[in-house]
Amino acid sequence: MMQPNPNRDVEVSQPPNDGISSLNFSSKANLLVASSWDNMVRCWEVQGAGTVLKSSITQKAPILSTSWSGDGTRVFTGGCGNTADVWSLATNQTQQFAQHAAPVKSVFWIEEMQALATGSWDKTVKYWDGRQANAVCTANLPERVYCMDVKYPLCVVGTAERHIVIYDLRKPQTEFKRISSPLKYQSRVVSCFPDKAGFALGSIEGRVAIHHVEDRDNSKNFAFKCHRENNEIYAVNVIAFHPTFGTFATAGADGTFNFWDKDSKQRLKPFLRCSAPISAGAFNMDGGIFAYAVSYDWSKGHEYYNPTTQKNSILLHGVLESEIKPRGNSARR
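As the structure is a prediction and not an experimental result, all values here were calculated from the model. (Residues numbered from 1 in each chain as written. Predicted model: local features only at pLDDT ≥ 70, side-chain atom pairs only at ≥ 80, totals over all residues. Heavy atoms only, no water.)

### Overview of the overall build of the protein chain
The secondary structure content of the protein chain amounts to one helix and 30 strands. Considering only C-alpha atoms, the protein chain reaches an extent of 50 × 50 × 40 Å along its principal axes. Sorting the 333 residues of the protein chain into buried and exposed places 56% on the buried side. Look at the contacts in the protein chain between residues 6 or more apart in sequence, and 46% of them connect residues 24 or more apart. (Helix = DSSP H or I, 4+ residues; strand = E, 2+ residues; numbered from the N terminus. Buried < 20%, exposed > 50% of the residue type's maximum accessible area, 1.4 Å probe, protein only. Contact = heavy atoms within 4.5 Å.)

Listed below in structure tokens is the structure:
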């Protein structure tokens, strides 16, 4: 029988009661936020070998995405209530920050723009500065936002029907490039390279594409299979780049996570399989911790979810340099 914590990682105290949709560390301290389908956002402080739940808020609908403000004092949330909200950790108060015509799938605070980017199932990305009720800028998309990542000035949006839309955020209303996904199946997660030269894209079909923005780098593009076992194929739910080494983690519906080096095209470290899918994951600010959520991801529909027996947990893996550092001639990116 598979164990919920086979890698013997640190369990976060008082985890969510329903599916975990996102994990995000502050860039200023070892504070971790998680959003979930129980309409809540929770914040923990990582202290030594344990965690303390510092605060939480309940909203009107399930939360799908979170993003920290640049100074680490506020958390932005987006979800099924068609809004993005801002949560002040100092006052524990929330207020609406953005409005869409459909659920908000992705939120990103962009410090360089002093604006919040929100990607929605209403087929738009909007930018908000908080000083006015309306968006300061709107980009129309061919389809609903399924995944999105921002590393200024690069913004990559994956939509329904396998569209990938790339923006240079110095001109956020204008598409820099639109391509069809290099993968044959639905996009699940996208993550920009630390050097902003491209992105890693994961699909529901256990595959990751390494893709560069500029055509001159096409020879460096490739795809690889992962999160598969025999004839079983699982969705890739997480791609997270390490902040120091530029290597990355993937995690999937098979309940495993792996560390990879795209430049040497090799897996650095596989980990033991958990008893449920890994639905979210993130490195902390110095890359010493990889947090991952063992939680049903709805990849097999509602009939495979039993809330009375399915435990949701968040685990903290202490990352060893030997697990994540590039090997051989792979240069840091």
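### Remarks on the environment of Phe 259
Within the element layout of this structure, Phe 259 appears in strand β26 (residues 257-261). Between the alpha carbons of Phe 259 and Ile 324 there is a distance of 6.3 Å; along the sequence they are 65 residues apart.

### Regarding the sheet that holds strand β4 (residues 40-47)
Taken together, the four strands give an open sheet; going across it, the order is β2-β3-β4-β5, and neighbouring strands pair in antiparallel fashion. The sheet terminates laterally at β2 (20-25) and β5 (50-58), the two strands that pair on one side only. Across this sheet, the average inter-strand angle for adjacent strands is 20 degrees, counted without regard to direction. Looking at chain direction, β2 and strand β3 (residues 31-36) are connected through five bridges and run antiparallel. Across the sheet, Phe 25 pairs through a bridge with Leu 32, a residue of β3. (Pairing = 2+ DSSP bridges. Axes fitted to C-alpha atoms, helices over the stretch in contact; angles between N-to-C directions.)

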